[in-house]
Structure formats: C-alpha cells, structure tokens
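These are the residues of each chain, in order.
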Amino acid sequence: MQTITELEALRSTLAKLRARRGSIALVPTMGALHEGHLTLVRRAREVADHVAVSIFVNPRQFGANEDLGAYPRQMARDSALLEAEGAELLWAPPPEVVYPPGYATNISVAGVSEGLCGGDRPGHFDGVATVVCKLFNQVMPDMAFFGEKDWQQLAVIRRMARDLDLTRPDAAAIHGVAIVREDDGLAMSSRNAYLSAQQRAAAAALPRAMKDALAAIAAGAPASETLGNLHDTLMTGGFDLLDYAELRDADNLAPLAHDNGNARLFVAARIGGTRLIDNMAVEGLERVRGIEPL
C-alpha cells in the first residue's frame, strides 16, 4: 500500500492506476479505524478493482467546543490495518493541503442537513459536504463507501453529489453500508474509545432501548409515549442527556407527520463527555400513532 500526503503525488499515482484500467473506490475516513471502517474497505474490494482510503481529521466539521484536539490519531496502526485489508492507496493529506492559505469556499446542503445532528452541531454538515466534495475532486473515484451509522451524513453526501453532478457515470456512486455493531449491539464508532469501562457497559442500553421502542411502535403504542419511555430508560441506565429521539423519513429526513412505510428512528445521547448516535429502521409503521419528536 502506498501512503501519499501531497496532491501532485496523488494525481500521478491515480493516473497510473487508471492507465491499468479498472474502477477506483474511495473510502473516506477520519482514522481511528475499527471493524466498521474495515467492513467498508472489504465491501469496496468486492466491487472495485482498486481501493483508496483517505484519512483526514477534518477541522471544518468540528464545533468550537467539540473534540478536534482529542480526536484519536493512530496513523501507524490504521495504515497496518488497511494494508492487511488490501487497500492499495492511503491518502493522508495534512490540513494545509486540503485547506491551503486563503481557502474561502464552503458547501452547504439544505433540507437533509437540518435538524437531528444538524440542529445540535451548527455548521457540521457544511464541513462534511465541503471536505467530501474536495476528496471526490482529488481522487475522482468511480464509487465511494460510507457507513449507515451516520445516516444523516450519508443523506447529505448523496444530495450534494446529485446536486453538483458528481454521480455521473464517470464519477462517484455513493454506497451505504449497514451499521457494524459490537456483540452487545452498540454501533461501532471511533468515539467509543472515549468511554470508561463503566460508561461502555452502560452504553449498551442505547440499542436495547431503541429496539424496545421499535417493538412498542410495531405493537401500536403511541410514538410520543414510546419515545418518552426511551428517554427514561436511557437516563436511568447511565446516560446524561438525550439530544434527540425522532422518527423521520429515511430518504429525505423530513420529520414524520403521518404514516410512512419508509422511516427510521434516530437517536443521539450523551454519556459522560461522549455523544453517541444510532439509527434503526421502523417496522410496522402503518400502526404508528401520536408521532412527535422528543
């Protein structure tokens, strides 16, 4: 695997890969890789001839009081994991390469970026859309792979790619890959490493509470009551704050105001200083009553 940090070298290497023909897949990451990321690499290898992975901790998607400085950086470990998985290229640019002096352009995606994490983290999805667009322009992949744990992020990237004509046949097609979970159901995340042993044990209450809520909804319980129960379960189980628990349309992320056969439950909750997010598909939604966000 070749590790590249300069744009000219990246373009030269990609030109050589394209001269050999075959498709190029991109797996964008911020490093601190776990099984979820490696699953994306494996999925990319199944359908593409060449796999490139980017590692870039993007400062533009962190808020003023968020964990940019503390975000785990494990380049040697991550590089070894990627090489073992058969990635051919690691694109690891420093911030000044991605955002050179005088950089002044921002991409904002309306609609799908509003509410949920967009409401709690102003400007976050502008940073995501901007850096992913730059990565697409730098690598020019035929396809790109993202995890469905960050469902809203995936929706933002798909909307941005459609609106900016990045999904034409010779550019990135966006693939979502199902959430990879720990044995106790907790969605894999780089931020899980922030949890103490006690917090990590308590964090398993999140997927359990969500599954219980979905079962209650499928049985016909009022959604507002069910989401209230989810809140109480998390608070008594060791969480400190529920940022949101909402039913939304899975495609356009509009708040769910009526029965819909394509919806998901979205939850963000904080335990200690760590913010965990998750989402699950809603079954039996034709029986939902009392739909209100929490």
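Here's a quick rundown of the structure. In this text the structure is predicted, and so the values were computed from the model without any measurement.

A word on the nonpolar core
Nonpolar side chains in soluble globular proteins tend to be buried together.
Line of reasoning, step 1. Leu89, Trp91, Val132, Phe136, Phe146, Met160 and Ile174 are the most contacted members of the largest nonpolar core, which has 45 residues in total.
Line of reasoning, step 2. For this core, the secondary structure elements donating two or more residues are helix H1 (7-19), strand E2 (24-29), strand E4 (89-91), helix H4 (95-98), helix H6 (124-139), strand E5 (143-147), helix H7 (151-163) and strand E8 (263-271).
Line of reasoning, step 3. Residue contributions to this core peak at nine residues, all from H6.
Line of reasoning, step 4. Setting aside residues no more than four positions away along its own chain, Phe146 makes contact with Pro28, Leu40, Val132, Phe136, Gln153, Leu154, Ile157, Ile174, His175, Gly176 and Val177.
Line of reasoning, step 5. Counting 28 residues, the second largest nonpolar core, distinct from the first, contains Ala202, Ala209, Ala213 and Leu242.

So, the sheet that holds E5
Line of reasoning, step 1. Ordered by their spatial adjacency, six strands build an open sheet running E1-E4-E3-E2-E5-E6, and the pairing between neighbours is parallel. Edge positions in the open sheet fall to strand E1 (2-4) and strand E6 (173-177), since each of these has one partner strand only. Neighbour to neighbour, the strand axes of the sheet diverge by 25° on average, direction disregarded.
Line of reasoning, step 2. Note that E5 and E6 share five bridges and pair parallel. In the sheet register, Ala144 faces E6, and the bridge partner there is Ile174.
Line of reasoning, step 3. Across the sheet, H1 is in contact with E1, E2, strand E3 (50-55) and E4; its angle to E4 comes to roughly 155°.
Line of reasoning, step 4. Where H7 meets the sheet, it contacts E5 and E6, and its direction lies at approximately 170° from that of E6.

A few points about the packing of aromatic side chains
Line of reasoning, step 1. Counting across every chain of the model gives three aromatic pairs.
Line of reasoning, step 2. Between Tyr99 and Tyr103, the ring centres sit 5.1 Å apart and the planes meet at 70°, which makes this aromatic pair edge-to-face.
Line of reasoning, step 3. In this structure Tyr99 comes out as buried when scored by relative accessible area, which is 12%.
Line of reasoning, step 4. Three or more aromatic residues joined by ring pairs make a cluster, and in this case those are Phe56, Tyr99 and Tyr103.
Line of reasoning, step 5. Above the face of the Tyr99 ring, Arg60 is positioned so that its terminal group lies 4.7 Å from the ring centre.
Line of reasoning, step 6. Looking at Arg264, its charged tip hangs above the ring of Trp151, at a distance of 3.9 Å from the centre.

A closer look at the packing of helix H2 (residues 35-47) against helix H3 (residues 75-85)
Line of reasoning, step 1. Their axes nearest at 10 Å, the elements H2 and H3 cross at an angle of 30°. Here H3 runs roughly parallel to H2, going by the angle between their axes. Here the hand of the crossing between H2 and H3 comes out right-handed. From H2, Leu38, Val41, Arg42 and Arg45 reach across to H3, where they touch Leu81, Leu82 and Glu85.

Focus: helix H9 (residues 205-218)
Line of reasoning, step 1. Its 14 residues give H9 an end-to-end C-alpha distance of 20 Å, which sits within 8% of 20 Å, the value for a rise of 1.5 Å per residue.
Line of reasoning, step 2. All buried positions along H9 are accounted for by Ala205, Leu206, Pro207, Ala209, Met210, Ala213, Leu214 and Ile217.
Line of reasoning, step 3. Residues of H9 that are buried sit in contact with helix H8 (197-203), helix H10 (223-236), strand E7 (241-249), E8 and strand E9 (274-281).
Line of reasoning, step 4. Positive phi shows up at Gly220, right after H9, with a value of about 100°.

Conventions used here
- Within each chain, residue numbers correspond to sequence positions counted from 1 in written order.
- Where totals are concerned, whole chains, interfaces and linings use all residues; where local detail is concerned, this predicted model gives features only for residues with pLDDT of at least 70, and gives and counts side-chain atom pairs only at 80 or more.
- The side-chain values count all of the structure's non-hydrogen atoms but skip hydrogen atoms and water molecules.
- Here, nonpolar core refers to any group of buried Ala, Val, Leu, Ile, Met, Phe, Trp, Tyr and Cys residues whose side-chain atoms link them within 4.5 Å.
- The rule is simple: take the accessible area with a 1.4 Å probe, protein chains only, and divide by the maximum for that residue type; under 20% is buried, over 50% is exposed, in between is partly exposed.
- Each helix is a run of DSSP H or I of at least 4 residues and each strand a run of E of at least 2, with the numbering of both proceeding from the N terminus.
- Any two residues whose heavy atoms approach within 4.5 Å are treated as being in contact.
- Any two strands with at least two DSSP bridges between them are considered paired.
- Axes, fitted as lines to C-alpha atoms, cover a helix only where it is in contact. Angles between the N-to-C directions of the axes lie from 0 to 180 degrees.
- Whether two aromatic rings pair depends on their centres lying within 6.5 Å, for rings of Phe, Tyr and Trp, where Trp uses its six-membered ring; planes under 30 degrees apart make the pair stacked, over 60 edge-to-face, and the rest tilted.
- We count a charge as sitting over a ring when the NZ of a lysine or the CZ of an arginine lies within 6 Å of the ring centre and within 35 degrees of the ring normal.
- Here the word oblique covers every angle except those under 35 degrees (roughly parallel), over 145 (roughly antiparallel) and from 65 to 115 (roughly perpendicular).
- Two helices crossing with the near one rotated counterclockwise from the far one by less than a right angle form a left-handed crossing, whereas a clockwise rotation gives a right-handed crossing.
- Here a helix's expected span is defined as the number of its residues, less one, multiplied by 1.5 Å.

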